Structure formats: C-alpha cells, structure tokens
Amino acid sequence: MGAVVAKPEILALTEEELAAQITPDGHKKFRAQQVFQWLHLKQVFDVRKMTNLKADFQDYLLEKFNFPDFQILNQRQSPSDHTAKYLFAYGKRQVESVWLPYENRQSICVSVQSGCSLDCSFCATGKIAFKGNLTAGEILAQVYGMQQLYERRITNIVFMGMGEPFYNYDNVLRAADLIAHQHGLNISRRRITLSTSGVLPGIKRFVEEKQPYRLALSLHAVFPEKRAAIMDIEEKFNFLDVLEYLRAHRAELQQGQLMFEYIMIDGVNIFPDDAQELARWANLLRAKVNLIPMNTEFNGMRRPSDEKIYDFWRALVERGVVAVNRKSPAKDIDGACGMLAGRQAETTALDSP
Ligand code: SF4
C-alpha cells in the first residue's frame, strides 16, 4: 500500500502556486486570485462563504486542499493597555500570539514554533515542551485569526512570540511573503520584523537573499560569559561571530533594517560597562536598540527600578545611540517579550470565526 500523501495547505500557497495546482484540473487561472483574496485579504476560511465560487468548484477545493483548522482556546485582555493574548490550538499543539494596540499603529506578535528548543533563562516559553515547527499556514492563521476579531487593520508584525524564526526559516519567510502580498494584507515589508536569538546560518541566509524584512537580534547581553549565562544559543553561535558577520555585511542591509533587542534584567545586564559595550556595537552596526524591561519576576530575575531603566537608556542615548525604552506591554497578562508561556490550564474554548 502506498503512503498517504498529505493535501497541500491552501493558506501556504502563493497565488501562482495555487494557479499551477488548479489549472491542470481544468479550472481557470483567475480562480486562483479569487481564492487567494478570500483567504488573505478577507480572511474567509469557510469555502462555502466564498460567494463568487460555484458549488462544484468549492467541492473541488475541499477535496484537493487542507483549509485552515485552528481554534482560539483562550483570550486574555489587559485591562490597563488593551493588549490581548490569544492561545491558538492546531490539534495538540498550542501557541500564543499577542495583539498590541498603539495610538497610530496596530502590532501583533506571532509564534513560529510550538514551544522553543532553546532555553533562555528569562523566558517562560523555553520551559515548556517543544512540539515542533509551525507550518506557514499555522503562522498565518495567527495573523488572520486575530485580524478576524478586530476592525482595526494590522500594520506591524513581529515574529517574536514562541520559537526561533531561523530554526523554521522557510515557513517563516513564506508566511512573511504572503502577509506582504499585494493581493493580501499588503503590509509593508519594512513593518515586518524577524527576531532571532542569533542563529548565524539563518542570519547569513537572510543577508545573502537580500530579504527586505527588518532583522531584530535578541542580544540581551554584550559580554560572552554573561550572555552564555542567560542564553543557551551562545554555546552554539557565539554572538561576537554574529556581530562581526553583520559588521562585515552591514552595507548589504538597509538603513534602519537592523535592531538589537535588549531585555533589561535587574542586577544582570544593566551596569555601566554593559551600556558602554552595547552602545559601541550599536554605533558600529548602526542598529537601533529596543530596550525591554523584564515584565514580571521570573526564574529569580526581575524588572529593574524605573530609575535604573532610565539611567541605562540615558547612557546609550548620550553615546549617540537611537534607543527606545519600549514599555513591556501587557504586563498584567504575561504577554510581553519572552513571556509567552501558555497558561493552558485556564483555557476556555472559543471557536475560531
Ligand atoms: S527568548 Fe525566544 S529563543 Fe529564547 S527560549 Fe524564549 S522563545 Fe526561545
């Protein structure tokens, strides 16, 4: 008996790939654009609601492709800043995503793996079981699943939830390309950010491919021993090699394309010598620095006082660095960076629309 061939995931196909799949079966090419727009522009996943498609073509699509299949099991909204965290389930795998409303933009943070194979000591995600990479369709389902719930259009997307994007490179880049497609959400590529903990082969590929997305390097420490103490990845990819590579190839990245993410942890990485070294690298690489105060106490680590946060920020700015002291959103729902940890026990079923 031959192996069962899985049906293609319709949400992960480009318009051209969809056309290439349906035309040999006698369907017109323009049907691919119609289907693509239902999925990616209107976020309609129920083929029976795709009203300009005939019933027999709808039957054909259901027969030939896998349609998005997910549930939103839980949602928690912060009373203080209206940030909302969603728990998406694809069968037994669960991931979290965050809706981050700002005055002039609407950001979301999505996951790329279920759990994470790395174990950064300040991050709750690293402590839960790793259940593998998400498919491109599963990544997109978070984006579109949240868009379905809100009237405000998503303007910015960060791949900074659960998981390491460069351990799931192909699916993450495919999802980003589909989000930016002109017949879909059409989000500017400069408003889509991939955040890596420093996976050098992925960074090299990103640069060599001249990817247009923003690249955020989760640095969090600028001395080898200190970084090794809080980030596992340091054993595999030394951050100094990553920074030297980026320095050698900085001209191949656009102005404003590179950022450093830096979680501020009290008593760990916000001393004056940390600021001095961070500023040196930020200036060398013309990288903006996003400072993110640890949002809650975790694993014996805690948020610094407001005074220490201000002093560290000022030490960077005084050295000419563009540093943003990003408040940790959703403090009250554990929704900020590195804190997507899945409180699955509290789930209340909410069917996906
Ligand atoms: S911070 Fe990112 S890379 Fe580190 S354990 Fe958490 S999810 Fe994984």
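Residues numbered from 1 in each chain as written. Predicted model: local features only at pLDDT ≥ 70, side-chain atom pairs only at ≥ 80, totals over all residues. Heavy atoms only, no water.

The next subject is the packing of aromatic side chains. In total, this model carries nine aromatic pairs according to the counting rule given. On the basis of an interplanar angle of 75° and a centroid distance of 6.2 Å, the ring pair of phenylalanine 45 and phenylalanine 70 is categorised as edge-to-face. On the criterion of sequence distance, the pair formed by phenylalanine 45 in the loop between helix H2 (30–41) and helix H3 (55–64) and phenylalanine 70 in the loop between H3 and strand E1 (71–77) is long-range, its members being 25 residues apart. Seen in terms of ring centroids, phenylalanine 70 and phenylalanine 88 are 5.6 Å apart; in terms of plane orientation they differ by 40°. Their pairing is tilted. With a gap of 18 residues between them, phenylalanine 70 in the loop between H3 and E1 and phenylalanine 88 in strand E2 (residues 84–90) connect regions that are remote in the sequence. When its relative accessible area of 5% is taken as the criterion, phenylalanine 70 is described as buried. (Phe/Tyr/Trp six-rings, centres within 6.5 Å; stacked < 30°, edge-to-face > 60°. Helix = DSSP H or I, 4+ residues; strand = E, 2+ residues; numbered from the N terminus. Buried < 20%, exposed > 50% of the residue type's maximum accessible area, 1.4 Å probe, protein only.)

Moving on, we come to the domain arrangement of the protein. The domain boundaries assigned to the protein delineate domain 1 (10–64) and domain 2 (93–341). Buried area between domain 1 and domain 2, summed over both chains or domains, comes out near 1,200 Å², and the portion from carbon and sulfur atoms is 57%. For arginine 174, the salt bridge goes to glutamate 17, with nearest N and O atoms at 2.7 Å. Across the domain 1-domain 2 interface, the total number found is six residue pairs in polar contact (both at pLDDT 80 or more). Of all the elements in the fold, those that place two or more residues in the side of domain 1 that touches domain 2 are helix H1 (15–22) and H2. Examining the composition of the side of domain 1 that touches domain 2, we find that six residues originate from one element, H2, more than from any other. When grouped by side-chain class, the residues that make up the side of domain 1 that touches domain 2 number seven nonpolar, five polar and two charged. (Domains from an automatic or database assignment. Buried area = accessible area lost by both parts, 1.4 Å probe. Salt bridge = Lys/Arg side-chain N within 4 Å of Asp/Glu carboxyl O. Polar contact = N/O pair within 3.5 Å; in protein donor to acceptor, adjacent residues only side chain to side chain. Nonpolar A, V, L, I, M, F, W, Y, C, P; charged D, E, K, R; others polar.)

Before going further, it helps to spend a moment on the packing of helix H6 (residues 200–208) against helix H9 (residues 239–248). At their nearest, the axes of H6 and H9 sit 10 Å apart, and the two run at 10° to each other. On the basis of the axis angle, H6 is roughly parallel to H9. Together, Leu200, Ile203, Lys204, Val207 and Glu208 of H6 and Asp241, Val242, Tyr245 and Leu246 of H9 make up the contact between the two elements. Split by residue class, the contact of H6 with H9 holds six nonpolar, no polar and three charged. (Axes fitted to C-alpha atoms, helices over the stretch in contact; angles between N-to-C directions. Parallel < 35°, antiparallel > 145°, perpendicular 65-115°, else oblique. Contact = heavy atoms within 4.5 Å.)

What follows concerns the packing of H9 against helix H10 (residues 272–285). Their axes nearest at 9 Å, the elements H9 and H10 cross at an angle of 30°. Taken together, the axis directions place H9 and H10 in an arrangement best described as roughly parallel. When you trace H9 past H10, the crossing you get is left-handed. Across the interface between the two elements, Leu240, Leu243, Glu244, Leu246 and Arg247 from H9 touch Trp281, Leu284 and Leu285 from H10. Of the residues contributing to the contact of H9 with H10, the split by class is six nonpolar, no polar and two charged. (Left-handed = near helix turned anticlockwise from the far one by under 90°.)

Turning to its location among the elements, tyrosine 86 is positioned in strand E2. Here the alpha-carbon distance between tyrosine 86 and valine 98, two residues twelve residues apart in the chain, equals 6.2 Å. With sequence-adjacent residues up to four places away left out, tyrosine 86 is seen in contact with Ile72, Asn74, Gln75, Val95, Glu96, Ser97, Trp99, Met146, Leu149 and Tyr150. In terms of polar contacts, tyrosine 86 uses its side chain to reach the side chain of tyrosine 150, at 2.6 Å.

By the burial criterion, the buried members of H3 are Phe57, Gln58, Tyr60 and Leu61. All buried residues of H3 lie within an arc of 160° about the axis, which places them on one face of the element. H3 presents Asp56 and Glu63 as exposed residues on the side facing more than 90 degrees away from its buried surface. Where H3 is buried, its residues meet H1 and H2. (Arc of directions from axis to C-beta.)

Moving on, we come to the sheet that holds E1. Pairing is mixed across the open sheet formed by ten strands, whose spatial order is E1-E2-E3-E4-E7-E8-E9-E10-E11-E12. Whereas interior strands pair on both sides, the edge strands pair on one side only; in this sheet they are E1 and strand E12 (323–325). Taken pair by pair, the neighbouring strands of this sheet meet at an average axis angle of 20°, ignoring direction. As judged from the seven bridges shared by E2 and strand E3 (residues 93–101), these two strands associate in the antiparallel manner. Across the sheet, residue lysine 85 finds its bridge partner in E3, namely valine 98. Running over the sheet, H6 touches strand E8 (192–196) and strand E9 (214–218) and is turned about 160° from E9. (Pairing = 2+ DSSP bridges.)

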